[in-house]
Amino acid sequence: MTPAHVLIVDDDPGLLQALPEALRLRMGWLTVDTADSAAAALERIAVRDYNAIVTDIKMPGTDGFALLDEIRARRPDTPTLMITGHGEYALAMAALRKGACDFVPKPIDRDYFVAALCRAIQTNELNRKLKQQQLTLARWLMAPSQQLETLVQQIGQAADSSSPILIEGEIGTGKELVARAIHQLSARREQPFVAIDCSAKSDTAIEEELQIAEGGTLFLDEIVSLPLPAQSQVLRAIQDGQVLPAGSKMPVRVDVRAIAASSVSFGLAVRAGWFSEDVYRGLNGVVIPLPPLRERDDILHLAKDFVAEASMEFGRPCREISAAAADVLLRHSWPGNVRELRNVMRRATLIASDVIERQHLSLLDGLRVSTRRSGPTQMGPSLKEIAEAAAEDAERQAIRQALQACKGNKTEAARRLRTDYKTLHVKIKQYRIDARRFKKTPSVA
């Protein structure tokens, strides 16, 4: 689990000693603070944003309900668990109505308490991630770029429509962020948004996910990675509006809007035989292409935003990007797109003392020149075409060498190439490399 920080509020000294000790034994990744009154709790809340707060309801002076009101006003995203006395069902229901995420009855069952606290912390972590995604998307779409005006209009139009949507764009261009924006702007915003990474799915059945997404949106990332029969099953389930749960003989009605995404062109995937043409026709109510970062004109604007974000998060004084560092950013080809840029700027903010200089961008894998300003000539291939062909050939060869060195083990190859498994999986499909044939070849250094 990710390290977390919780606050326990109670006027009982024995409970303030026993609960933290129990939590430290069972949840070693947890840091626990205590407060013996609502006033003391508010002092702690003023200086720290906790992952969860646990408070008794009945306390002298300001009680737990009044404290809950203050928590909701000051830290609305912090989940709060309320401790209630035995049989105080009415108090427990009142706590839930006032915004508590759960209640823990006395005498406290430690197993139940740990499970409830874990759920609250996980909820807090998911909410933080969602807010970060929304903030990143807002920055991405509000950048001073005419190139994004059409995209913003497409997102608004797609949200107003009930048609299925296809989003295509390279890895790191923000496909899931756009899908979430469409969901949040649509009439389904109060219903679930369920995201499935099809490239990492161990089986092909999605009946459970369709039921979970009832009334909301199902996001099928890298749908072209599903086997063709599974793609057709997905389309039928969405179009027919019903699924057959495992072990059941009766179909269940579902109302789900589908948004599918691919890091390669859907047209190319159809021509290559990776994506069913029938499924493509059934899902392409709206097609939204996302531009790669190398073709955008707001790289420095985004970089400065990511530096400001990281400076606040890490408490670092970085505020500027030098001219030499800016030149590096503009010349890099950004194969990882906006995601790569954000990671690069966060690392640079951590290691720079004041101004981000060229040497703070060592995370970049060489200085591959951006091709976004290249243009075609009538005498032969353009610089852009030459650069793209060279980059693809180098990438293809590097993947082959890594697979050979790792005897076809894609997980080890991804680690050797300093990329994630999903990215490597997509690239292997894009270049039509058969990883299995490397399993019997001798390894090379």
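Residues numbered from 1 in each chain as written. Predicted model: local features only at pLDDT ≥ 70, side-chain atom pairs only at ≥ 80, totals over all residues. Heavy atoms only, no water.

**Student:** Help me understand the overall build of the protein chain in this model?
**Tutor:** Summing up its helical and strand segments, the protein chain has 17 helices and 14 strands in all. Within the protein chain, the proportion of its 445 residues that are buried is 45%. Contacts spanning at least 24 positions in sequence make up 71% of the contacts within the protein chain whose residues lie at least 6 apart. Looking at the protein chain as shown, the accessible area adds up to about 22800 Å², and 51% of this sits on carbon and sulfur atoms. (Helix = DSSP H or I, 4+ residues; strand = E, 2+ residues; numbered from the N terminus. Buried < 20%, exposed > 50% of the residue type's maximum accessible area, 1.4 Å probe, protein only. Contact = heavy atoms within 4.5 Å. Areas by Shrake-Rupley, 256 points an atom, 1.4 Å probe, with all protein chains shown as cover.)

**Student:** Help me understand the nonpolar core, please; the structure alone is not making it clear to me.
**Tutor:** Most often, soluble globular proteins have nonpolar side chains that are buried together. Ranked by internal contacts, the top residues of the largest apolar core, which has 31 residues, are Leu210, Leu218, Leu220, Ile223 and Leu283. Beyond its immediate stretch of four places on either side in the chain, leucine 283 contacts Pro164, Ile165, Leu166, Ile223, Leu235, Ala258 and Ala260. Formed by 24 residues, the second largest nonpolar core is a distinct cluster that contains Met27, Ala52, Val54 and Ile108. (Core = buried A, V, L, I, M, F, W, Y, C linked by side-chain atoms within 4.5 Å.)

**Student:** Any chance you could explain helix H4 (residues 89-97) here in plain terms?
**Tutor:** Since one α-helical turn is 3.6 residues long, residues separated by three or four positions face the same way. If you check which residues of H4 are buried, you get Ala92, Ala94 and Ala95. Down the axis of H4, the buried side of the element spans an arc of 160 degrees, and every buried residue falls inside it. Along H4, the residues that are exposed and aim more than 90 degrees away from the buried face are Tyr89, Ala90 and Arg97. Considering only its buried residues, H4 is in contact with helix H3 (64-74), strand S4 (80-84) and strand S5 (102-105). (Arc of directions from axis to C-beta.)

**Student:** Please clarify how the pairing of strand S6 (residues 165-168) should be interpreted in this entry.
**Tutor:** A regular strand places its side chains on the two faces of the sheet in alternate fashion. With burial as the criterion, each face of S6 is covered, one bearing Ile165 and Ile167 and the other bearing Leu166 and Glu168. One ladder, built from 4 bridges, connects S6 with strand S12 (residues 286-289); its direction is parallel. For leucine 166, the partnering residue across the bridge sits in S12 and is valine 287. (Pairing = 2+ DSSP bridges.)

**Student:** Sorry, what's going on with the packing of helix H2 (residues 38-47) against H3 here?
**Tutor:** How two helices sit against one another is set out by the angle between their axes and by the gap between those axes. One way to put it is that H2 packs onto H3 with a least axis distance of 10 Å and a crossing angle of 10 degrees. It follows that H2 is roughly parallel to H3 by the angle criterion. Note on element contacts: H3 touches H2 through Leu67, Glu70, Ile71 and Arg74, opposite Ala38, Ala41, Leu42 and Ile45. (Axes fitted to C-alpha atoms, helices over the stretch in contact; angles between N-to-C directions. Parallel < 35°, antiparallel > 145°, perpendicular 65-115°, else oblique.)

**Student:** Looking at this structure, how should I read the packing of aromatic side chains?
**Tutor:** Ring pairs (aromatic) are described by centroid distance and by the angle formed between their planes. The final tally for this structure, using the stated rule, is 4 aromatic pairs. On the basis of an interplanar angle of 25 degrees and a centroid distance of 6.2 Å, the ring pair of phenylalanine 193 and phenylalanine 219 is categorised as stacked. Of this pair, phenylalanine 193 sits in strand S7 (residues 193-197) while phenylalanine 219 sits in strand S8 (residues 217-221), placing them 26 residues apart in sequence. Accessibility expressed as a relative area gives 16% for phenylalanine 193, which makes it buried. Phenylalanine 219 sits in the buried class, given a relative accessible area of 0%. When the ring of phenylalanine 266 is compared with that of phenylalanine 275, the centres are 5.3 Å apart and the planes differ by 45 degrees; the resulting orientation is tilted. Among the residues examined, phenylalanine 266 registers a relative accessible area of 1% and is labelled buried. Given a relative accessible area of 2%, phenylalanine 275 falls into the buried group. (Phe/Tyr/Trp six-rings, centres within 6.5 Å; stacked < 30°, edge-to-face > 60°.)

**Student:** Would you mind going over the side chain of threonine 349 with me for this structure?
**Tutor:** If you trace the backbone, threonine 349 turns up in helix H14 (residues 337-351). Classification of threonine 349 by relative accessible area gives buried; the value is 0%. If we ignore the near neighbours within four places in the chain, the residues touching threonine 349 are Val307, Ala310, Ser311, Arg316, Cys318 and Ile356.

**Student:** How should the pairing of strand S2 (residues 30-35) be read in this particular structure?
**Tutor:** In this structure, strand S1 (residues 4-9) lies alongside S2, joined through 6 bridges in parallel fashion. Looking at the pairing, histidine 5 lines up with threonine 31 of S2. Crossover S1 to S2 through helix H1 (residues 13-26) is right-handed. (Right-handed = clockwise from strand over helix to strand, strands pointing away.)

**Student:** Explanation requested: the confidence of the model for the protein chain in the structure shown.
**Tutor:** Any segment with low pLDDT has predicted coordinates that should not be analysed in fine detail. Per-residue pLDDT for the protein chain has a mean of 81; in total, 85% of the residues score no lower than 70. Predicted confidence for residues 366-381 stays below pLDDT 50, and this span has 32 contacts to residues more than four positions away or in other chains. Low pLDDT (under 50) marks residues 441-445, which in the prediction has 9 contacts with non-local residues, meaning those over four places away or in another chain. (pLDDT = per-residue confidence, 0-100.)

**Student:** What exactly am I supposed to notice about the side chain of lysine 175 here?
**Tutor:** If you trace the backbone, lysine 175 turns up in helix H7 (residues 175-185). Look at lysine 175: it is buried, it has no salt bridge, and the nearest opposite charge is glutamate 222 at 4.6 Å. Every residue in contact with lysine 175, bar those within four places of it in the chain, is listed here: Ile167, Glu168, Gly169, Glu170, Phe219, Asp221, Glu222, Ala261, Ser262, Ser263 and Leu290. (Lys, Arg positive; Asp, Glu negative; His and termini not counted. Salt bridge = Lys/Arg side-chain N within 4 Å of Asp/Glu carboxyl O.)

**Student:** What exactly am I supposed to notice about unusual backbone geometry here?
**Tutor:** Most peptide bonds take the trans configuration, and most residues that are not glycine carry a negative phi. Cis peptide bonds are those with omega within 30 degrees of zero, and the linkage from lysine 106 to proline 107 qualifies with -5 degrees. By the element assignment, proline 107 lies in the loop between S5 and helix H5 (110-142). Positive phi, close to 50 degrees, is recorded for tryptophan 334, a residue that is not glycine. The residue tryptophan 334 is located in the loop between helix H13 (323-331) and H14 in this model.

**Student:** Explain the environment of valine 286 to me, please; I cannot follow it from the model alone.
**Tutor:** Turning to its location among the elements, valine 286 is positioned in strand S12. For the pair valine 286 and serine 163, spaced 123 residues apart in the sequence, the C-alpha separation amounts to 6.9 Å. Other than its neighbours up to four places away in sequence, valine 286 contacts Ala158, Ser163, Pro164, Ile165 and Leu166.

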